[in-house]
Amino acid sequence: LQFSSGLSVTRRLENAVFDHIQAFYQPKSVREAVRMLQSGPGRVLGGGTDLALLQDRSIRFLVDIKHLGLDYIRRDGNGCDIGAACTMSALEHSPVVRGLAGGILSRAAATCGSIQIRNLATIGGNLANGSPAADTATPLLAMDASVIVQTRRGRQRIALREFLALPLPRRINGGLLVQIFAPKSKGRAGWSFQKFGRTETDIAVVNVAAGLGIARDGSCAWARIALGAVAPAPMRADGAEAVLVGKALTRSLIDRAAESVAREIQPITDQRASAEYRRQISQVLVRRALLACAQEAGYAL
Amino acid sequence: MSGRNGHGKNSMALKVRINGETREWAISPGDLLLDVLRREGYFGVKRACETGECGCCTVLLNEKPVNSCVVFAAQANGCEITTVEAIAHGDTLDPVQQAFLDHGAAQCGFCTPGMILNTKALLKEHPHAGEEEVREMLAGNFCRCTGFKKPVEAVLAISQNGPRHCEKTPAEDRHLVVGHSLQKTDGVKLVTGRPCFTDDVHMPDMLIGKILPSPHAHARIKRIDVSKARALPGVHAVLTYKDVPRVPHTTAGQSWPEPSPYDTYLLDSKVRFVGDRVAAVAAESRAIAEEALRLIKVEYEVLPAILDMEQATKPGAPVIHDEPDSTGIHDARHNVAAFIKKELGNVDQAFRQADVVVEREFHTHRQHHAMMEPHVSIAWLDEDGRLTIRTSTQVPFHSRRQVAMILQLPVQKVRIIKPRIGGGFGGKQEMLLEDITGALALAARRPVKIEYTREEEFYMARSRHPQILKVKIGAKRDGTIVANQMSVLATTGAYGSHSATVQGNTGSKVLPLYRAPNMKFDCTVVYTNCPVAGAFRGYGCPQGFFAQESVVDEIAHELGMDPIELRRKNLIRLGDIDELSAQLGEGRKGLPRHIRSCGMPGCLERGADAIGWESKRKSLPGKSTHLRRGIGVSCCIQGSAIAGVDWGAAHLKMNEDGSFNLQLGAADLGTGADTVIAQIAAETLGVTLDKMIVYSGDTDFTPFDVGAYASSTTIISGGAAKKAAEKVRAQIVDVAARMLEVAPDKVNLGNNEAFTVCECRKAVSMADVARHAMYKDKVQIMDGASHWNTDSPPPFCATFAEVEVDTETGKVRVVELVSAVDCGVAINPMAAEGQVEGAVAQGIGYALTEEMLLDETGRMINPNFLDYKVLSAKDMPKLTTILVETEEPLGPYGAKSISEVPINGPTPAIANAIYHAIGIRFRQLPIRPEMVLKALHEQSKQRAAVARKPVGRRTRKAAASD
């Protein structure tokens, strides 16, 4: 399996200029944007923080989606609708997002680069163009989020999990990612986001988001464990979740779930860490995340 | 001109409101905001990484800080933009700018505009931001000079009314200017983002130069076809080895004759590392230049490459320098660039008599300077046809000599100008771009600029020499060290820049720290097809002290002695003579070092107190949780200039208002050298610092100086300024005596006045003296002086680190770091502290995170700040800097050096602290979490195995229930 968990490691030395870009469009409506995107070799421009590093000389035009009114965060009865052009800063500070699923999406957004980057980078870009280490993908996966894509035929809702399985840049039928739906958790639950980097401001070597639901009888009602930078795309650890569900939570059960995670992931060795180390760290972070979830849910282990 | 793009056919209009003014510019759709702003003259917006990591290009976009290098200019259409140029209120600085000056938060000043804008945005939202918020905010602004301590304090001074933490040293009471923590003389232009760096100019008709880098680690150029590149419209010069003179030289900026081999060529038919020069072009825009590079067709004969230094001298290894015309290589056929072997006494005999002998092997890695301003040179022919090069260098005068030699011009025909420099740390003690930029300018007959991208900086510039060190130390049971032996294998990469001297320093500056009567040092420096190593702050000492201080710690452990006690017993002290330095000169026989000042006992005592050594050392680190703490210590020294080699000159001229032009050959690269030297001159002349107009590092208008390296500037250039000032002072006294009608020995100078020391208490102002001299005597008061030393007084440093090891992930966090340094008299304590804190940040990075990684083809796989991990404001531990004052007889006003010595301490102190925390010694750098975790797993396996051994039933039982 050949992939890198971040930027391409072997960028060509000489290319640093965007003279191949011949047009810059600022459409006024989503429909107009979709039409433009289908007209040729163009790319969606959200914040630009990834695109301005891209060495793809086949791109001929950019479609700026900052003026389509897609920067909203709206509380919905079942959760929250987030416009694709919302910045990391907006997610970080939004009371709505902070109140959702223990605020793990806010916390993840707050680790996404520096303040200057978070003021630019969008959630849409992070999901549609993000590396396997994309920091917002992991919590959203754990939250069972879905995305809405606008194509020429209309709006289409798909599970984030399916969306992230697409190759980069993630597009469906030439459509534009316009909205993310993050459901709120039901019942007694706890959430946690864990990130391991080489320094405090690093891209994730591994990131983990987890949620645990506690049933009336104190057993685990549901479990969600998502990981980033350990597979070709952010992933859910289904096996580990199955280990937990329906059972009384104990430290040893959590250890078993963490061990299962280490078997489920497919990490690679790159400049940031070896596959072996990613496996070890994943196990540690999952254990820490689940313990934190239990604690947050007020469940004494 | 500095933009990536010219105005192409797809030009569009960008309308913005910038700094309160409405502007409309023609841009290309692919233009980045950074390029457009610099093209339009907003030079306060700095280009440093172009990947959105470092924050030097920060602007406020609709009041929010963003990195303009990752914003397409068209995105800003209709937006409001604020750059640093709009922060001051006319001539009055903004309180943030003032705080940065007051606190010494700006050193080179290259990252400062970004920091100031980010601070403005933070304080607008959180006027009372605390330290955590400030560090979070500054995490978006890389800074390689300050270690973030002073920038954080500057912001907190505003948000929390925080105090100025600045050591008050005894010298402050003895002098009027020296010993005072004064603002940098160049500070205002740095905090206001004035155009003062190399690239902050628009030259008419300037071309952009680019270098075609080798994709192979080792190859011969069989055929090279540049015809298509030459034919591309907008291309004005294309150079290959066929077009330029072949002059063997070294790029090392050292005194002539350089002790580095002459093994490098302007362009060659052979390439020796990934990133080596293949060809160079000059074109009307960066885009055309890049297109021209793509059009050059090269056929390579790929040769086997050596990437592992231990393979370099093996029989059958490919010969990297097989060309016949290189000189000064120790043994080219076996890839040995340099070799040194020296012995004092007889170590073998001494080891036999020692009670404890510890011998260990250490592996150190490639660290990059990662200065915020990449290398950049602009070359043009002036109106007299002289080749003028404005360049980011630490060595203007050496560069002039080298460029003249390489381009076969008389020295008279070359002028080097060093403007403000955005950090160097040794990386710019190298003639790296000046020659090729000059060659392109000569070929194109137009101004040419070459500026490395961050990626090119990593691939093509210099780095710290990786070494394999074998250290063997023998001691008596009472702790007396009797023998100290170090054997080093190092690689200089493809070219031998600084190869002998860096490694010589590993011996001469490290071993003499302890008074072992028997010492032996040998080193072999080999060529490999790897990135070229060169000068880097510490110059061979960080490697050596990591090894030596780790072994000394181990000996203390073996003997059951406190590590401080063992060191105290053996440290070199006042009155000692270090003979090893005499053996290991700069590629030639050196001079012995006499210890005329030594603050090491004070450094150990005050440092230990500050970190709480006694209590923390005794209280066992927590065993219950997964977080374990430990503390460690290390001692180190450096030099103050190269004895008998380094020299510099200064010139002073008095103006009619009592101000002085101070012309210095010295090369301030952001350290504050101009300020420190001006303080020395002002003190001597009896004037305040504001009377000094400093101009430095211009080969036409300043006298010679070797440049900024080897911790020489304060002691050598400062010494020259003091001598020049003494001469000028005598002239002033002479005039004043006549004006005051007293004998010259009755005149004293101070507070911008000449006054009598007799009872009459008469005085004249300096301005009156100057006017009298100029218009009555018709004499220009002026003089110059040169200075050198026969000795290199060492600064002393004790470093204490407290670490926390996460035993589940292996991650090491430095909790606190204390550096106690004896730099003699600190001429400017605030600047001196800044040197320490910046060095410490680089030292911690060296120990834990910074590493240039090469793949199996010799290509660096992390040539960007995303994966070359320098520490941010959020990563830095609590730093404490203690200046332990001594008086060095050889230094101006008792000063020694400070810029390098503190970088040697963190790595061994951290390694020793890790041992204290978890009982494991790490002998390979950087100490990565992965390595720590692996070692911890092995440790627990071993412990389990030991516990399983059938010693007795009880033990087995205990182990089983564990």
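As shown above, the structure is provided for reference.
This is a predicted model, so every value here is computed, not measured.

Trainee: For this particular structure, what's the right way to read the overall build of chain B?
Mentor: Counting secondary structure elements, chain B contains 26 helices and 33 strands. The C-alpha radius of gyration of chain B comes to 28 Å, within 12% of the 30 Å expected for a compact globule of 962 residues. With the principal axes as the frame, chain B shows a C-alpha extent of 95 × 85 × 60 Å. Buried positions account for 67% of the 962 residues belonging to chain B.

Trainee: Before we go on, may I ask you to explain the packing of helix α2 (residues 95-102) of chain B against helix α3 (residues 112-125) of chain B in this structure?
Mentor: Helix-helix packing is described using two parameters, namely the angle between the two axes and the distance between the axes. Residues and elements named next belong to chain B. The N-to-C vectors of α2 and α3 enclose an angle of 130 degrees; their axes lie 10 Å apart at closest approach. Comparing the axis directions of α2 and α3 gives the class oblique. Handedness of the crossing formed by α2 with α3: right-handed. Listed contacts from α3 to V96, Q97 and F100 of α2 are T112, M115, I116, T119, K120 and L123.

Trainee: So what exactly am I meant to see when it comes to the sheet that holds strand β13 (residues 356-363) of chain B here?
Mentor: In sheet architecture, strand pairing relies on hydrogen bonds along the backbone and comes in two forms, parallel and antiparallel. Residues and elements named next belong to chain B. With mixed pairing, the five strands of this open sheet are ordered in space as β12-β20-β19-β18-β13. On the outer flanks of this sheet lie β12 (336-344) and β13, each paired with one strand and no other. On average, each strand axis in the sheet is inclined to that of its neighbour by 5 degrees, with strand direction left out of account. Strand contacts of helix α14 (residues 499-508): β12, β18 (467-475), β19 (481-493) and β20 (518-527), with the helix running at about 155 degrees to β20, the strand carrying the most contacts.

Trainee: What is the right way to read the interface of chain B and chain A from this model?
Mentor: By a widely used convention, the size of an interface equals the accessible area lost when the partners come together. On the chain A side, the residues contacting the 59 residues of chain B number 54 residues. Summed over both sides, the interface between chain B and chain A buries roughly 5,000 Å², with carbon and sulfur atoms accounting for 57% of that surface. The largest contributions to the chain B side of the interface with chain A come from F72, Q75 and E930 of chain B, which together make up 11% of the buried area. Connecting chain B to chain A are seven salt bridges.

Trainee: Before we go on, may I ask you to explain the packing of helix α15 (residues 541-559) of chain B against helix α16 (residues 563-570) of chain B in this structure?
Mentor: Residues and elements named next belong to chain B. Packing of α15 against α16 brings their axes to within 9 Å, and their N-to-C directions diverge by 110 degrees. Here α16 runs roughly perpendicular to α15, going by the angle between their axes. Viewed along their axes, α15 and α16 form a crossing whose handedness is right-handed. Along its contact with α15, which presents E549, V552, D553, I555, A556 and L559, the element α16 presents P563, L566 and R567. Considered class by class, the residues forming the contact of α15 with α16 number six nonpolar, no polar and three charged.

Trainee: Explain unusual backbone geometry here, please?
Mentor: Peptide bonds are, in most cases, trans, and in most cases residues other than glycine have a negative phi. Residues and elements named next belong to chain B. Of note, the bond from W256 into P257 is cis; its omega dihedral lies within 30 degrees of zero at -5 degrees. You can see P257 is positioned in the loop between β8 (235-239) and β9 (270-271). Here the residue pair L925 and P926 is connected by a cis peptide bond, since its omega of -10 degrees sits within 30 degrees of zero. Structurally, P926 can be placed in the loop between α24 (906-918) and α25 (929-948). Non-glycine residue A710 carries a positive phi angle of around 55 degrees. Mapped onto the elements, A710 comes out in the loop between β26 (692-696) and α21 (713-740). One non-glycine residue with positive phi stands out, namely R761, at about 50 degrees. Position of R761 among the secondary structure elements: in the loop between β28 (753-756) and β29 (763-765).

Trainee: Explain the pattern of salt bridges here, please?
Mentor: Pairing is possible between side chains of opposite charge, provided their charged atoms come close. According to the stated counting rule, one finds 89 salt bridges over all chains in the structure shown. One salt bridge in this structure joins D202 of chain A and K869 of chain B, with 2.9 Å as the shortest N-O distance. Separated into two different chains, D202 of chain A in the loop between β9 (188-196) and β10 (206-214) and K869 of chain B in the loop between α23 (829-848) and β33 (878-883) make up a pair that spans both. For D202 of chain A, a relative accessible area of 3% puts it in the buried group. Ionic pairing is found between E456 of chain B and K210 of chain B, a salt bridge with its closest N-O pair at 3.0 Å. On the criterion of sequence distance, the pair formed by E456 of chain B in helix α13 (residues 454-460) and K210 of chain B in strand β6 (residues 207-213) is long-range, its members being 246 residues apart. The class of E456 of chain B is buried, set by a relative accessible area of 6%. One connected set of salt bridges, linked through shared partners, spans D35, R38, K46, R47, E50, D199, D200, R286, E290, K449 and E451 of chain B.

Trainee: Even after reading the chapter, I still don't get helix α4 (residues 131-138) of chain B, so can you show me in this structure?
Mentor: Structurally, the α-helix is built with 3.6 residues per turn, so residues lying three or four positions apart point the same way. Those residues of α4 of chain B that sit buried are V134, R135, M137 and L138 of chain B. Along α4 of chain B, the residues classed as buried sweep out an arc of 160 degrees about the axis, all on the same side. The inward-facing, buried residues of α4 of chain B contact α5 (115-118) of chain A together with α3 and α5 (149-159) of chain B.

Trainee: Sorry, what's going on with the sheet that holds β10 of chain A here?
Mentor: All names here are of chain A. Strand order in the open sheet made by the four strands is β9-β10-β11-β12, with antiparallel pairing throughout. Taken across any chain shown, the strands that pair with only one partner, and hence form the sheet edges, are β9 and β12 (235-236). Note: strand β11 (residues 220-228) against β12, two bridges, orientation antiparallel. Directly across from L227, in β12, lies its bridge partner M235. Together, β9, β10 and β11 form the strand contacts of helix α11 (residues 275-296), whose direction differs from that of β9 by roughly 150 degrees.

Trainee: Please clarify how helix α11 (residues 396-406) of chain B should be interpreted in this entry.
Mentor: Residue and element names in this part refer to chain B. Judged by how many residues are buried, α11 sits mostly within the fold: nine of eleven residues are covered. P396, F397, H398, S399, R400, Q402, V403, A404 and I406 are the residues of α11 that are buried. Among the structural elements, β15 (387-391), β16 (414-417) and α12 (434-444) are those in contact with the buried residues of α11.

Trainee: Would you mind going over the environment of P27 of chain A with me for this structure?
Mentor: All names here are of chain A. With respect to the helices and strands, P27 occurs in the loop between β1 (23-25) and α1 (30-37). Classification of P27 by relative accessible area gives buried; the value is 0%. With 38 residues separating them in the primary sequence, P27 and I65 have C-alpha atoms 7.1 Å apart. Setting aside residues no more than four positions away along its own chain, P27 makes contact with E32, A33, M36, V63, D64, H67 and L68.

Trainee: Help me out: how do you make sense of the side chain of H218 of chain B in this one?
Mentor: All names here are of chain B. Mapped onto the fold, H218 is located in the loop between β6 and β7 (219-225). Within the local environment of H218, its side chain forms a polar contact with the side chain of K270, the two groups lying 3.0 Å apart. Setting aside residues up to four positions removed in sequence, H218 forms contacts with K270, V271, R272, E301, V302, L303, P304, A305, P318, V319, I320 and N529.

How each quantity is defined
- Residues numbered from 1 in each chain as written.
- Chains lettered and ligands numbered in written order.
- Predicted model: local features only at pLDDT ≥ 70, side-chain atom pairs only at ≥ 80, totals over all residues.
- Heavy atoms only, no water.
- Helix = DSSP H or I, 4+ residues; strand = E, 2+ residues; numbered from the N terminus.
- Rg over C-alpha atoms; globule rule 2.2 N^0.38 Å.
- Buried < 20%, exposed > 50% of the residue type's maximum accessible area, 1.4 Å probe, protein only.
- Axes fitted to C-alpha atoms, helices over the stretch in contact; angles between N-to-C directions.
- Parallel < 35°, antiparallel > 145°, perpendicular 65-115°, else oblique.
- Left-handed = near helix turned anticlockwise from the far one by under 90°.
- Contact = heavy atoms within 4.5 Å.
- Pairing = 2+ DSSP bridges.
- Buried area = accessible area lost by both parts, 1.4 Å probe.
- Salt bridge = Lys/Arg side-chain N within 4 Å of Asp/Glu carboxyl O.
- Nonpolar A, V, L, I, M, F, W, Y, C, P; charged D, E, K, R; others polar.
- Arc of directions from axis to C-beta.
- Polar contact = N/O pair within 3.5 Å; in protein donor to acceptor, adjacent residues only side chain to side chain.

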